[in-house]
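Coordinate inspection notes
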Amino acid sequence: MDRWRDEPEIRATVVALAAAAVLVAAGTAGVGASSLFVVGAALLAVPLWPLGTALVDTAWQRVDPHAFAADLWLGPVVAALVVAAFLDATPDEVQALGGLVGLVGMANYFLRPVYRLLYGLVRRLSA
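Conventions and cut-offs
- Residues numbered from 1 in each chain as written.
- Predicted model: local features only at pLDDT ≥ 70, side-chain atom pairs only at ≥ 80, totals over all residues.
- Heavy atoms only, no water.
- Helix = DSSP H or I, 4+ residues; strand = E, 2+ residues; numbered from the N terminus.
- Buried < 20%, exposed > 50% of the residue type's maximum accessible area, 1.4 Å probe, protein only.
- Contact = heavy atoms within 4.5 Å.
- Areas by Shrake-Rupley, 256 points an atom, 1.4 Å probe, with all protein chains shown as cover.
- Salt bridge = Lys/Arg side-chain N within 4 Å of Asp/Glu carboxyl O.
- Expected span 1.5 Å × (residues − 1).
- Patch = residues over 30% accessible without salt bridge, like charges linked within 9 Å, V, L, I, M, F, W, Y side chains within 5 Å.
- Phe/Tyr/Trp six-rings, centres within 6.5 Å; stacked < 30°, edge-to-face > 60°.
- Core = buried A, V, L, I, M, F, W, Y, C linked by side-chain atoms within 4.5 Å.

Quick notes on the overall build of the protein chain
For the protein chain, the count of helices and strands is six helices and zero strands. Listed by position from the N terminus, the elements making up the protein chain come as α-α-α-α-α-α. Taking all 127 residues of the protein chain together, 33% fall into the buried category. Counting only contacts in the protein chain whose residues sit at least 6 apart along the sequence, the fraction spanning at least 24 positions is 82%. Here the protein chain displays about 7,900 Å² of accessible surface, and carbon together with sulfur accounts for 72% of that area.

Written out as structure tokens, the structure is:
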């Protein structure tokens, strides 16, 4: 059983943290929100997708971090979607949006036990 694929909440956390990294890096570099930024972030996902797929298919799959690479390409896509929602954001606001996306990702990670508890309760009550 592949433990990584059994934990979709960790995959969501990785995607959120990758998106946060893109947004914080862009904001720190002084890049504000624009349609060009949206296109650039989406284009950043293009080389990451085959790279992640290639790493999953190598001998690296015996190590847990291999699965992180498989979902990293979604980070720039999420960053592009966030910026598309806030097209008038300044560089500081883009950086803050990155912080908020990272916060959501980490909250998701720390709430894993709660998700499992609720799932177990619902499953027990429905049985």
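What follows picks up the thread again.
Regarding the environment of Ala80
Looking at the element boundaries, Ala80 is found in helix α4 (residues 74–85). With residues up to four places along the chain from it excluded, the contact list for Ala80 reads Val38, Ala41 and Ala42.

Let's talk about the pattern of salt bridges
Evaluated as defined, the whole model comprises two salt bridges. With a shortest N-O distance of 2.7 Å, Arg116 and Glu9 are connected by a salt bridge. Remark: Glu9 occurs in helix α1 (residues 8–28) and Arg116 occurs in helix α6 (residues 112–126); sequence separation between them is 107 residues. For Glu9, a relative accessible area of 12% corresponds to the buried category. In this structure, the salt-bridge partner of Asp71 is Arg11, at a minimum N-O distance of 2.7 Å. With Asp71 in helix α3 (residues 66–71) and Arg11 in helix α1, this residue pair connects regions lying 60 residues apart in the sequence. Note on Arg11: relative accessible area 29%, which makes it partly exposed.

Section: α1
With 21 residues, α1 extends 30 Å from end C-alpha to end C-alpha; this agrees with the ideal 30 Å at 1.5 Å per step. Immediately beyond the C-terminal end of α1, within one or two residues, lies Gly30, with a positive phi of roughly 85°.

Regarding a nonpolar patch on the surface
Taken together, Leu111, Val114, Tyr115, Leu117, Leu118 and Leu121 make up a surface patch of nonpolar side chains, about 530 Å² in accessible area. When you line up the elements, Leu118 lands in helix α6. Residue Leu118 is classed as partly exposed on the basis of its relative accessible area of 48%.

Concerning the packing of aromatic side chains
Counted according to the given criterion, the structure contains one aromatic pair. Relative to Phe110, the ring of Tyr109 lies with its centre 5.5 Å away and its plane at 70°, an arrangement referred to as edge-to-face. The class of Tyr109 is partly exposed, set by a relative accessible area of 31%. On the basis of relative accessibility, which here comes to 58%, the residue Phe110 falls in the exposed class.

Details of the nonpolar core
Leu23, Phe37, Val83, Val94 and Val101 are the most contacted members of the largest nonpolar core, which totals 18 residues. Counting only elements with at least two residues in this core, the list comes to α1, α2 (35–56), α4 and α5 (91–110). Examining the composition of this core, we find that six residues originate from one element, α1, more than from any other. Dropping the residues within four chain positions of it, Val94 is found in contact with Leu23, Ala26, Gly27, Val31, Gly32, Ala33 and Ala89.

Purely geometric stuff here, so don't read any function into it on its own.
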